[in-house]
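Structural features, examined
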Amino acid sequence: MKIEIQDITKRYQKKEVLKGVHLSAESGQCIGILGSNGSGKSTLLSILAGIQKCDCGAFLYDGNDLFHYPRQRARLVGYVPQGTPLIEELHALDNLSLWYDAPALKKELEDGFLAMLGIADFLKTPVSKMSGGMKKRLSIGCAVAKHPPVLLLDEPMSALDIACKYTILDYLKAYKAKGGVVLLATHDVLEMELCDKWYIMKNGVLVPFVYDGKIETVVKNL
Amino acid sequence: MKKYFFIQLKRTIKMFPYVLAITLILFGGLAVIFLGFLQYQSGREENTKFKVGIVGEADDRYMDFGLDALKTFDETRFSMELEKLEEDEAQKALKQGKITAYLVFPEGFSEAALRGEVKSIRLITGVGASNLIMIFKEEIARAVTKIVSEAQKGVYGVQAALDSNGYEELSNQYLNKMNVEYIDFVMNRSELYEIKELGISDGLTLPQYLFCGFSVFLLLLMGLPYAIILVRSDWSLNRMLASAGISAEKQVLCEYGAYTVVMMAAAAGIMAVLALTKGKIEQLSQLDIFGSISSLAGHLAVVVVLAAAFNLMLFELSGNIIGGILLQFFCAVFLCYGSGCFYPAYTFPEKIQQVSGYLPTGLARSYLAAGIMGQSSLPALLGILAFTAGFLLITAGARRYKIKVRTV
């Protein structure tokens, strides 16, 4: 499986926020997209998730442009936006039942990705009483309900404690190991270590970057 | 989409106890205002100088003389002001609240009266003019009694004069006939007038009219507690749903469906409270809505459909919970006031009256009125459905915009 992003351009009125973005990834790879706030990372992920339309460009999945097949895109691409994409008044189980069928949910909670994310421990907890880490794990759990081969994550580990970060990291490693492609918009060092390729988004232009494990190099290039 | 609807339903049902509590508090408050208003109206009426239009027989010299005498010497001048009008003018003035009622004197009334024949006068009132009707009835009875007793005095005077001048036979022959005619006149005095209430709007009584207006207001405010769950600042769930193929339009439809179901249940709760208390509160019997309860319930359901769409739209446009509650409250007050829900619209200038009928609340009020009258009112129904669709389109548009633009 291979995904290719070709020449994606997006304009807000006169301002060009994405200028001919290119990247590609293969099965089992994680791509890290770095960049300062407002550089266009979230806009790129929104476009790939089908929330916004780009002015031009293509999103190829094994050669098929998913921009032309929204149903296929919805099935193949999982998306976890920033914020808390959960219903605060309801339990974790209610939130999961929005995305999963009952038998699939039971199976996932027993020995699937949901078990790996440790969601079974707080199934009956209302979202409003959950910690940030629990919410993020539940959000990812909801996004992968249809086992999408491509996962878009917009700063998934921001403001989480270290234990929770490692739970999510372990999960993402397992996801990659099963052949999934992860596209991460990130600022987090731990997340960067998970990635196989890195790009920096600067003024709407995506440029390849080699992460040498030193945060100073990242800061210098932002 | 089905799952999202059921999740939304579960979410809104969780809030239902709060909604019901708020609804009953609002209902109680509005009921107190409603009853107080009726009391105030009847009290005001007692201290009011009624303006009454006179229609028909306008050029008759007896009528002129009679009216001048009433305006100048009679004690009714303290409670009534009389004005000659054409019938269409009088109808318009009555609708605009410029007069309280008008009297229609039939053609040939004065001549018939001179011959001792009965021709009914029609008293046309709006509503809430019960004191005027009482004054009118008393005045007629007083006039008839006066005419008869004075006439009787005359008759007996003539009898005495005839007897003393040796015309006893003549006196016996005609006086009996005259007495029979007078008795006949007195017995038929109730036929002298006919009272017709035109009604405030669509033939409703004042309590019914206010019931419709206050119901619309209550339905608009009933959803206030839902601001807690429907006003949001984090749009990430909506973005995630949109990415999974549940578009902004589908999201809005599901939320609207769930919200409407709960609003219907709350409205049914109010109807149940009304039905339970109807025998216990005297003023409720004046409402006279329980005869057409099934028709009214159907119309109420349609108004709930409108109110739910309106609430959802305002919540969607609000930036925060407090703003949402305030926006909801002020829009409800403004629209209800503008469409005459708190007070008959005919008291407003004509241009406002024309507009008020086309406001969503004006349509809702007149549709409820049709429900009470057991009528269908297709134009109001179509108007309500058009507004509902419009509100939902605006909501979906706002949702689409927020999903696209807001990063969180």
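As the structure is a computational prediction, the values presented were derived from the model and not from experiment.

Our next topic: the overall build of chain A. Along its length, chain A carries nine helices and 10 strands. Taking 17 Å as the expected radius of gyration for a compact globule of 222 residues, we find that chain A reaches 17 Å, a close match to that expectation. Looking at the 222 residues of chain A, the share that counts as buried comes to 41%. Considering only contacts in chain A between residues 6 or more positions apart, those separated by 24 or more positions represent 69%.

The next subject is the overall build of chain B. Along the backbone of chain B there are 16 helices and five strands. Burial analysis of chain B (408 residues in total) assigns 35% to the buried set. Residue pairs at least 24 apart in sequence account for 78% of intrachain contacts in chain B once pairs closer than 6 positions are excluded.

Here the focus is the environment of Y171 of chain A. All names here are of chain A. Secondary-structure assignment places Y171 in helix α7 (residues 162-177). Y171 gets classed as partly exposed once you count the C-beta atoms within 10 Å, which come to 19. Put simply, Y171 and P208 are 37 residues apart on the chain and 26 Å apart in space, counted from C-alpha to C-alpha. Apart from the residues lying within four places of it in its own chain, the contact partners of Y171 are F113, M116, L117 and I140.

Residue and element names in this part refer to chain A. Read from one edge to the other, the open sheet built from six strands follows the order β6-β7-β8-β3-β9-β10, with strand pairing classed as mixed. This sheet does not close on itself; its edge strands, each paired only once, are β6 (77-80) and β10 (205-209). In this sheet, neighbouring strand axes are inclined to one another by 20° on average, regardless of whether the strands run parallel or antiparallel. With five bridges joining them, strand β7 (residues 150-154) and strand β8 (residues 181-185) adopt parallel strand pairing. The residue bridging L153 from the neighbouring strand is L184, located in β8.

The next thing to look at is the sheet that holds strand β4 (residues 56-61) of chain A. All names here are of chain A. Read from one edge of the open sheet, four strands run β2-β1-β4-β5, paired in antiparallel fashion. Looking at the sheet topology across the chains shown, the edges are occupied by β2 (15-26) and β5 (64-65). Of the pairings in the sheet, the one linking strand β1 (residues 2-12) to β4 comprises five bridges and is antiparallel in character. Its bridge partner being in β4, T9 is matched across the sheet by C56.

Below, the discussion takes up the confidence of the model for chain B. Residues and elements named next belong to chain B. Considering every residue of chain B, the mean pLDDT works out to 78; 71% of them sit at 70 or more. Within chain B, strand β5 (residues 193-197) has the poorest average pLDDT of any element, 60, and helix α16 (residues 378-405) the best, 93. If you check the scores for this complex, the pTM reads 0.74 and the ipTM reads 0.89.

Bringing the packing of helix α15 (residues 360-372) of chain B against α16 of chain B into the picture now. Residues and elements named next belong to chain B. Two elements in contact, α15 and α16, have axes whose closest approach is 9 Å; the angle formed by their N-to-C orientations is 140°. Of the possible angle classes, the one that applies to α15 and α16 is oblique. The way α15 lies across α16 gives a crossing that is left-handed. Judged by residue contacts, P360, L363, A364, S366, Y367 and A370 of α15 engage A380, L381, G383, I384 and F387 from α16. The residue inventory of the contact of α15 with α16, partitioned by class, reads nine nonpolar, two polar and no charged.

Let us now look at the interface of chain B and chain A. Accessible area lost during the coming together of the parts is what is often quoted as the interface size. Listed by partner, the interface residues are 20 residues for chain B and 21 residues for chain A. The set of elements that each furnish at least two residues to the side of chain B that touches chain A consists of α1 (2-46), α9 (236-243) and α16 of chain B. Along the lines of polarity and charge, the residues of the side of chain B that touches chain A split into nine nonpolar, four polar and seven charged.

On to the nonpolar core. Of all hydrophobic cores here, the largest spans 139 residues; its most connected members are L152 of chain A together with V216 and V303 of chain B. At 14 residues, the largest contribution of residues to this core is made by helix α12 (residues 293-317) of chain B. In this structure V216 of chain B touches V303, C336, C341, T361, A364, R365 and L368 of chain B, once residues within four positions along its chain are discounted. Membership of the second largest hydrophobic core comes to 12 residues, among which are V55, L82, L85 and I124 of chain B.

All names here are of chain A. Phi at H147 is positive, roughly 50°, even though this residue is not glycine. Along the chain, the position of H147 falls in the loop between α6 (132-143) and β7. Using a count of 15 C-beta atoms within 10 Å as the deciding quantity, one classes H147 as partly exposed. The backbone of N203 sits at a positive phi, close to 50°, despite the residue not being glycine. Mapped onto the secondary structure, N203 falls in the loop between β9 (197-202) and β10. Classification of N203 by C-beta neighbours within 10 Å gives partly exposed; the count is 13.

Here we come to the pairing of β6 of chain A. On a regular strand, one side chain projects to one face of the sheet and the next to the other, so that they alternate. Residue and element names in this part refer to chain A. The side-chain alternation of β6 yields two buried faces, one formed by V77 and Y79 and the other by G78 and V80. In the sheet, β6 pairs with β7 via four bridges, with the strands oriented parallel. Residue pairing across strands places V80 opposite L153, the latter belonging to β7.

The next point concerns the environment of P156 of chain A. Inspection of the secondary structure puts P156 of chain A in the loop between β7 and α7. Given 26 C-beta atoms within a 10 Å radius, P156 of chain A is considered buried.

Before going further, it helps to spend a moment on the packing of helix α7 (residues 206-222) of chain B against α15 of chain B. For any two helices packed against each other, the geometry is given by the interaxial angle and the distance between the axes. All names here are of chain B. Running from N to C, α7 and α15 point in directions that differ by 135°, and their axes come no closer than 9 Å. One way to sum up the angle between α7 and α15 is to call them oblique. As for the relative orientation of α7 and α15, their crossing is right-handed in sense. Contacts between α7 and α15 involve Q208, C212, G213, S215 and V216 on the former and, on the latter, T361, A364, R365, L368, A369 and I372. A per-class count over the contact of α7 with α15 returns six nonpolar, four polar and one charged.

Conventions used here
- Throughout, residues of each chain are indexed from 1 in the direction in which the sequence is written.
- Chain letters and ligand numbers both follow the written order, the letters beginning at A and the numbers at 1.
- Since the coordinates come from a predicted model, pLDDT governs what is reported: local features require at least 70, and pairs of side-chain atoms require 80 or more to be given and counted, while whole-chain, interface and lining totals use all residues.
- In this text, helices come from DSSP runs of H or I with a minimum length of four residues, and strands from runs of E with a minimum of two, each type numbered from the N-terminal end.
- Both definitions apply: the radius of gyration is a C-alpha atom measure, and the globule rule equals 2.2 Å times residues to the power 0.38.
- Partly exposed residues are those falling between the two cut-offs: more than 12 but fewer than 20 other C-beta atoms within 10 Å of their own, whereas 20 or more means buried and 12 or fewer means exposed, with C-beta atoms placed from the backbone.
- Two residues qualify as being in contact provided that their C-beta atoms, derived from the backbone, are within 7 Å of each other.
- Here, any two strands with at least 2 DSSP bridges between them count as paired.
- For every element, the axis is a line fit to its C-alpha atoms; helices are fit only across the contacting stretch, and the angle between N-to-C directions ranges from 0 to 180 degrees.
- pLDDT expresses, on a scale from 0 to 100, how confident the predictor is about each individual residue.
- Here the angle decides the label: under 35 degrees means roughly parallel, over 145 means roughly antiparallel, 65 to 115 means roughly perpendicular, and every other value means oblique.
- Rotating anticlockwise by less than a right angle from the far helix to the near helix defines a left-handed crossing, while the corresponding clockwise rotation defines a right-handed one.
- Residue classes follow a fixed rule: Ala, Val, Leu, Ile, Met, Phe, Trp, Tyr, Cys and Pro count as nonpolar, while Asp, Glu, Lys and Arg count as charged, and any other residue, Gly among them, counts as polar.
- What makes a nonpolar core is a set of buried Ala, Val, Leu, Ile, Met, Phe, Trp, Tyr and Cys residues, with links drawn between C-beta atoms within 7 Å.

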